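# Inside the fold
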Amino acid sequence: MKRRREGAEPPKAYDRALGLLVRREHSARELERKLKSKGYEAADGAAAVAALRRDDFQSDSRFAEALARQRLSAGYGPRYIQAEVSSHGIASALVRPLLDAVDWPARATELARRRLGAKPATREARLKLAQWLARRGFPGDAIRAATSMSADPADPDAA
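For the structure given in this document, a descriptive report is provided here. As the structure is a prediction and not an experimental result, all values here were calculated from the model.

## A closer look at the overall build of the chain
The helix and strand tally for the chain stands at nine helices and zero strands. Reading the helices (α) and strands (β) of the chain from amino to carboxyl end gives α-α-α-α-α-α-α-α-α. With 159 residues in all, the chain has 38% of them scored as buried. Counting only contacts in the chain whose residues sit at least 6 apart along the sequence, the fraction spanning at least 24 positions is 64%. As presented, the chain carries roughly 10,100 Å² of accessible surface, and 51% of it is formed by carbon and sulfur atoms.

Have a look at this one:
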């Protein structure tokens, strides 16, 4: 950790926020919250974020897209991704085109195959899989596609 020399001024809010953005994308709300937690006045934090936006160093749409792509690659569904984007104070409409381009039933089926492997799924395993997919934010049609794919044809309770 870098130490500040005695008598040196603390970094300005803009510099601190820019340092955070160097590491990864942040939403405007997140930057303002972090600056406030470091002792900067709310007005200074808001001004710093506005300046970063003006210089195109901070962009909520870029942040939302990066977050959505990261969660998508981690196996999360559209509901989870939209909720997380909204929790950062960003309209979920910014990620809507990205999410609409995904075939969610196919994505859920792919995740189900990876999770269950080649073995046929019992009714209990399909139920657990459906609950897991629901917690990850997948819509009902995608869950039904994934759980019916993994049905054991010999199981009378299948589907």
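Having put the structure on the table, let's press on.
## Digging into the pattern of salt bridges
Within the structure shown, the criterion is met by nine salt bridges. Where R69 meets E65, a salt bridge forms, and the shortest distance between an N and an O atom there is 3.1 Å. Of this pair, R69 and E65 both sit in helix α4 (residues 60–73), four residues apart, roughly one helical turn. The class of R69 is partly exposed, set by a relative accessible area of 46%. The exposure class of E65 is partly exposed, given its relative accessible area of 39%.

## Focus: the packing of helix α1 (residues 13–23) against helix α2 (residues 28–37)
Two elements in contact, α1 and α2, have axes separated by 10 Å at closest approach and are oriented at 125°. Taken together, the axes of α1 and α2 lie oblique to each other. Remark: the crossing between α1 and α2 carries right-handed chirality. Note on element contacts: α2 touches α1 through L31, K34 and L35, opposite A13, R16, A17, L20 and L21. Grouping the constituent residues of the contact of α1 with α2 by class yields six nonpolar, no polar and two charged.

## Topic: helix α8 (residues 123–135)
Counted at 1.5 Å a residue, the expected span for α8 with its 13 residues is 18 Å, and the 19 Å between its end C-alpha atoms agrees. Restricting attention to buried positions, one finds in α8 the residues R126, L129, A130, W132 and L133. Looking down the long axis of α8, one finds its buried residues gathered within 165° of arc, a one-sided arrangement. The outward face of α8, more than 90 degrees from its buried face, is lined by the exposed residues E124, L127, K128 and R135.

Criteria and cut-off values
Residues numbered from 1 in each chain as written. Predicted model: local features only at pLDDT ≥ 70, side-chain atom pairs only at ≥ 80, totals over all residues. Heavy atoms only, no water. Helix = DSSP H or I, 4+ residues; strand = E, 2+ residues; numbered from the N terminus. Buried < 20%, exposed > 50% of the residue type's maximum accessible area, 1.4 Å probe, protein only. Contact = heavy atoms within 4.5 Å. Areas by Shrake-Rupley, 256 points an atom, 1.4 Å probe, with all protein chains shown as cover. Salt bridge = Lys/Arg side-chain N within 4 Å of Asp/Glu carboxyl O. Axes fitted to C-alpha atoms, helices over the stretch in contact; angles between N-to-C directions. Parallel < 35°, antiparallel > 145°, perpendicular 65-115°, else oblique. Left-handed = near helix turned anticlockwise from the far one by under 90°. Nonpolar A, V, L, I, M, F, W, Y, C, P; charged D, E, K, R; others polar. Expected span 1.5 Å × (residues − 1). Arc of directions from axis to C-beta.

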